Amino acid sequence: MSIYLVRMAIVTCEIVLLPLLLIGILRATRSRLQKRKGPRIFQPFYDFMRLTRKSAVVSEETGPLFRGAPAASLAALLILALVTPWSGLAAPISGDLVLFVFLLAAARMASGLAALDTGTAFGGLGASRESALSILVEPTLVLALAAGAIYEGNLTLNALCQPANGRGGSAYVMPLAAAAIWLAAAVETSRMPVEDPTTHLELTMIHEAQMLEYSGPRLALVEYQSALKLTVLYGLISQFILNEMAIKSSIARVSGTFGLTIAMVVAAAVMDVFLVRLHWRKLPDLLTFGLAFSLVACLLAALRG
Amino acid sequence: MNTLDSLLGNLLLISGMWMVGLSAISTKLTLYALQTVAVGVLAILVGIAHHETALIMAGAGVLVLKGIAAPLYLSYLTHVVGCRKDVGSLLASPLLLLVCAAAVGGLYLFHPFRASVPPGALPAIGVILVGMILMVSRRLAISQIIGFLVLENGMFYFTVTIPHSLPLLVELGVLLDIMAGTMIAGVLTFQISDSFEHIDILRLNHPRK
């Protein structure tokens, strides 16, 4: 029981602190790469505090959907963070891969409905684009997680952080699944080849366009949610990589996950700086790579098991 | 050696599928070169392990001629013809990737060549299939040459996985044929580009006035 409490405490601390810290590292790295001084690493925390103290401006056209959506999607994402073993430790609540994808979709639905509720053109545009992309991303996520599940012989997500077969060298099941989730994460967290996170041009926005109407505490919540999603997905990718390296002890896994997540955040910053945003119509071409890779990963896992 | 075999086979398959989805010629050539160098190195290693001089020499030939010379020649060709991006494929490239995955999946699951092909050589058949898809699907002449070379990589990998399968003479003859084929295809591409101003095969019906 006490071990469970310790685990819960560590996961809670990470849920509270890590997302904003990762965003801070990402922004600082991006600024350094662009030869700018950039904000401090802890700037997102100050921003969060500042936003929670401000009063919110809410359009009179909006209904309760717009006001309640940040809380609803935050709830979905918090449950997601509690059922996924993204910290390297077993998740406090046991869940399976369908629940994972469902919770991501639930959060997306809440933010999409809220964006439609505002009645602005850009909000509707963003919601429509994000839901179209999610159609392309969901099969990739399901299949990649299924490849891991088939390989470990267990459908629960927690099996991903307790490799049953420490064989390592998984004949590309784990690397392929990790690559597929990485591509899906680029869409889910709206990073560079999919969307320019620093853009001020509303027409090219996807996820950002849904956040345009928010201000004050709700904006703080919405920004924290993007950060949380990024943390969970990168942590999940780290589990696949750690399984490939057959690392079993929980201390090594937690520190390994931490290191890998920061490495991935730095890689995301590098991609933000050096890649160009793909044309909206070219995205299916890119995302099918993820689908094909996760299909092959499933196939290889099934053949091995 | 056996695990290394299957690891490399799957890597060849994955890089082949990657090439099917790509449209930038230079990236495709880089991937092809890496793939070929990997096959050549594997052939040399297997040759050393089994004390087969033929395989070592064939591996070295593949490494130098197909892994280094052919990509350099083809990148020179793209440079001269001035075609850096694929104009398109006969099917949309996402569909092509799925066709590849389906073909490889069917191959692995049903294993239609059970009688004649050992399971270790299955990835080689997969690479041949992917090479065929690569060759047939693209509209740009250079991409088709690359597809042909990938197909041949699959063939060579197949001979590597089955020891004592081919004598040196045949191996080197095949290599020579491949090189000659690539050169001729390259010269043809020059000619096509000269007389049609483009190497998109769908435009061959409309010669320059």
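Keep in mind that this is a model prediction, so the values were computed, not measured. Residues take numbers from 1 onward in each chain, read along the sequence in its written order. Whichever chain is written first is A, and whichever ligand is written first is 1; the rest continue in order. Only residues with pLDDT of at least 70 are given local features in this predicted model, and only at 80 or more are side-chain atom pairs given and counted; all residues enter the totals for whole chains, interfaces and linings. As a rule here, side-chain values come from all non-hydrogen atoms in the structure, and water together with hydrogens is ignored.

With that settled, consider empty space enclosed by the protein. All names here are of chain A. Here the term cavity refers to a set of points on a 1 Å grid, laid over the protein atoms alone, in which a 1.4 Å probe fits but cannot get out; the term pocket refers to an open set having protein on both sides within 12 Å along at least five of seven lines, with lining residues being those that place an atom within 4 Å of a point. Grid points are joined across faces, edges and corners, and a volume is the space filled by probe spheres set on the points. All chains considered together, the criterion is met by nine cavities of 30 Å³ or more. There is about 210 Å³ of room inside the largest cavity. Taken together, 19 residues make up the lining of the largest cavity; nearest its centre are Ser-73, Ser-111, His-207, Val-222 and Gln-225. Only α3 (64–83), α4 (97–117) and α7 (216–244) provide two or more residues apiece to the lining of the largest cavity. Here the nonpolar group is Ala, Val, Leu, Ile, Met, Phe, Trp, Tyr, Cys and Pro; Asp, Glu, Lys and Arg are the charged ones; every other residue, Gly included, is treated as polar. Here the lining of the largest cavity is composed, by residue class, of seven nonpolar, eight polar and four charged. Only runs of H or I of at least four residues qualify as helices and only runs of E of at least two qualify as strands under DSSP, and these elements are numbered from the N terminus.

Turning our eyes to something else, we now look at the interface of chain A and chain B. Counting from both sides, the interface comprises 15 residues of chain A and, opposite them, 17 residues of chain B. The buried area of a pairing is the accessible area, by a 1.4 Å probe, that goes missing from both parts when the two are put together, added over both. Carbon and sulfur atoms supply 86% of the area that chain A and chain B bury against each other, a total of about 1,400 Å² over both sides. Contact with chain B buries surface across chain A, with Tyr172(A), Phe289(A) and Leu299(A) losing the most and accounting together for 38% of the total. In what follows, salt bridge is the name for a side-chain nitrogen of Lys or Arg lying within 4 Å of a carboxyl oxygen of Asp or Glu. The interface formed by chain A and chain B contains zero salt bridges. Whenever a nitrogen or oxygen atom comes within 3.5 Å of another N or O atom, the pair is scored as a polar contact, on the condition that within protein one atom can donate a hydrogen and the other can accept it, and that pairs from neighbouring residues in sequence are kept only if both atoms are in side chains. On inspection of chain A and its partner chain B, the count reaches zero residue pairs in polar contact (both at pLDDT 80 or more). With 12 residues, the top contributor of residues to the side of chain A that touches chain B is helix α9 (residues 283–304) of chain A. Of the residues contributing to the side of chain A that touches chain B, the split by class is 13 nonpolar, one polar and one charged. The contact definition used throughout considers only heavy atoms, calling two residues in contact when any of these lie within 4.5 Å.

Residue and element names in this part refer to chain A. In terms of nonpolar packing, the biggest core is built from 126 residues, with Phe-100, Leu-145, Ile-181 and Phe-240 touching the most fellow members. A total of 12 residues in this core trace back to one element, the largest contributor, which is helix α6 (residues 173–188). With residues up to four places along the chain from it excluded, the contact list for Phe-100 reads Leu-80, Thr-84, Leu-141, Leu-145, Leu-157, Val-232, Leu-233 and Leu-236. For the purposes of this section, nonpolar cores are sets of buried Ala, Val, Leu, Ile, Met, Phe, Trp, Tyr and Cys residues that join through side-chain atoms within 4.5 Å. Under the scheme applied here, a residue whose accessible area is under 20% of the maximum for its type counts as buried, over 50% as exposed, and between as partly exposed, the area being computed with a 1.4 Å probe on protein chains only. Grouped together as the second largest cluster of nonpolar side chains are nine residues, Ala-114, Met-211, Ala-220 and Val-222 included.

Further remarks concern the environment of Ile162(B). Here Ile162(B) is to be found in the loop between α6 (141–161) and α7 (168–196). For the pair Ile162(B) and Leu140(B), spaced 22 residues apart in the sequence, the C-alpha separation amounts to 34 Å.

Our focus in this paragraph is the layout of surface pockets. Put simply, the largest pocket is a space of about 1,200 Å³. Take the lining of the largest pocket: its biggest share by element is seven residues, from helix α1 (residues 2–21) of chain B. What the second largest pocket holds in volume is close to 860 Å³. Looking at the lining of the second largest pocket, the elements with two or more residues in it are α1 (2–33), α2 (43–53) and α7 of chain A.

Here we come to the confidence of the model for chain B. Residue and element names in this part refer to chain B. Confidence scores here are pLDDT values: one per residue, from the predictor, ranging 0 to 100. When pLDDT is averaged along chain B, the result is 81; 87% of the residues meet or exceed 70. Ranking the elements of chain B by mean pLDDT puts α1 last, at 78, and helix α2 (residues 25–50) first, at 88. Across the predicted assembly, pTM comes out at 0.85 and ipTM at 0.75.

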